[in-house]
Amino acid sequence: VSPELLPRLQPYLSLGEQLGKLQTQLCEGGIESVTVEYSGEVSNLTIAPLTIAALKGLLTPIMEAPVNYVNAPIVARERGIEVKEVKSSDAGDFTSLIRVRVKAGKKSHQVAGTLYHKDPRVVEIDQFKVEVVPEGNMLLIQNIDRPGVIGMVGKVLGDNNINIARMQCALEKRGGNALLIIGSDQSFPAAVLDQIKSSSNILSVKVAALS
């Protein structure tokens, strides 16, 4: 990346890497393919470095050896991961949008993000519309939309002295499934996760480390 272009690309490099890192921690099973979609103004930039950043984020949590901007495409190829890039001028409600779609096992997942005053924001996690700062430790809980779930989760975390730095609830549809996202500067012990999972209203519990 040329010194002239780097200042424009740098915020998107950070966004792409965080999207990749979040995506791989939400997936179950080996990653078979990844498609990085660029919509809006970002599609007019040189996107190859941005795709490499997404791959670096995607591979870092699952590799013992360090993954960097040089070897990320090589590691992806060696693992048999198919990589695609897609451009579109339409970013919907956003000026620019980067979406990372991953096929892992029999399931496909997607996360999407944009920049807010040059700071990364996650705005989609699968079917849920969100606005999440991708940093620190994130607890992502899919649950049935019923009263008491948020209170139960908050009590479990409070009883275990885990501070909630950020919290957001996204709804698929009224009475359907919801996604509760909690950010903390502390980790979430396995015993705490098991306690949350024990509720009949909880569908899945996942943790992503994005520091």
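My aim in this report is to walk through the structure given alongside it, one point at a time. Note that the coordinates shown come from a computational prediction; the quantities given were computed from them, not determined experimentally. (Residues numbered from 1 in each chain as written. Predicted model: local features only at pLDDT ≥ 70, side-chain atom pairs only at ≥ 80, totals over all residues. Heavy atoms only, no water.)

## With respect to the overall build of the chain
Thought 1: From N to C terminus, the chain includes five helices and ten strands.
Thought 2: Nonlocal contacts in the chain, meaning residues at least 24 apart in sequence, comprise 69% of its contacts between residues at least 6 apart.
Thought 3: Accessible area of the chain: about 10900 Å², with a carbon and sulfur share of 49%.
Thought 4: In the chain, the 22 positive side-chain charges and the 22 negative ones have mean positions that sit 4 Å from each other. (Helix = DSSP H or I, 4+ residues; strand = E, 2+ residues; numbered from the N terminus. Contact = heavy atoms within 4.5 Å. Areas by Shrake-Rupley, 256 points an atom, 1.4 Å probe, with all protein chains shown as cover. Lys, Arg positive; Asp, Glu negative; His and termini not counted. Charge placed at Lys NZ, Arg CZ, Asp CG, Glu CD.)

## Quick word on unusual backbone geometry
Thought 1: Backbone geometry places Lys118, a non-glycine residue, at a positive phi of 70°.
Thought 2: Positionally, Lys118 belongs in the loop between β4 (107–116) and β5 (119–125).

## Examining the environment of Leu179
Thought 1: Structurally, Leu179 can be placed in strand β9 (residues 177–184).
Thought 2: Here Leu179 falls in the buried class, since its relative accessible area comes to 4%.
Thought 3: It is 6.8 Å that separates the C-alpha atoms of Leu179 and Leu140, two residues lying 39 residues apart in sequence.
Thought 4: Residues within four places of Leu179 in sequence aside, it is in contact with Ile125, Phe128, Val130, Leu140, Ile141, Gln142, Asn143, Gln168, Cys169 and Ala170. (Buried < 20%, exposed > 50% of the residue type's maximum accessible area, 1.4 Å probe, protein only.)

## Side note on the sheet that holds β5
Thought 1: What the six strands build is an open sheet, ordered β2-β1-β3-β4-β5-β6; its pairing is mixed. At either end of the open sheet lies a strand with only one pairing partner, and these are β2 (82–88) and β6 (128–132). Taking the axes of each pair of neighbouring strands and ignoring which way they run, one obtains an average angle of 20° across the sheet.
Thought 2: In this sheet, β4 lies alongside strand β3 (residues 96–104) in antiparallel orientation, the contact comprising seven bridges. Paired with Val100 across the two strands is Val111, which belongs to β4.
Thought 3: Here helix α1 (residues 6–26) sits on the sheet in contact with β1 (31–40), β3, β4 and β5, set at roughly 150° to β4.
Thought 4: Sheet strands touched by helix α2 (residues 48–59): β1, β2 and β3. Its angle to β1, the strand with the most contacts, is close to 140°. (Pairing = 2+ DSSP bridges. Axes fitted to C-alpha atoms, helices over the stretch in contact; angles between N-to-C directions.)

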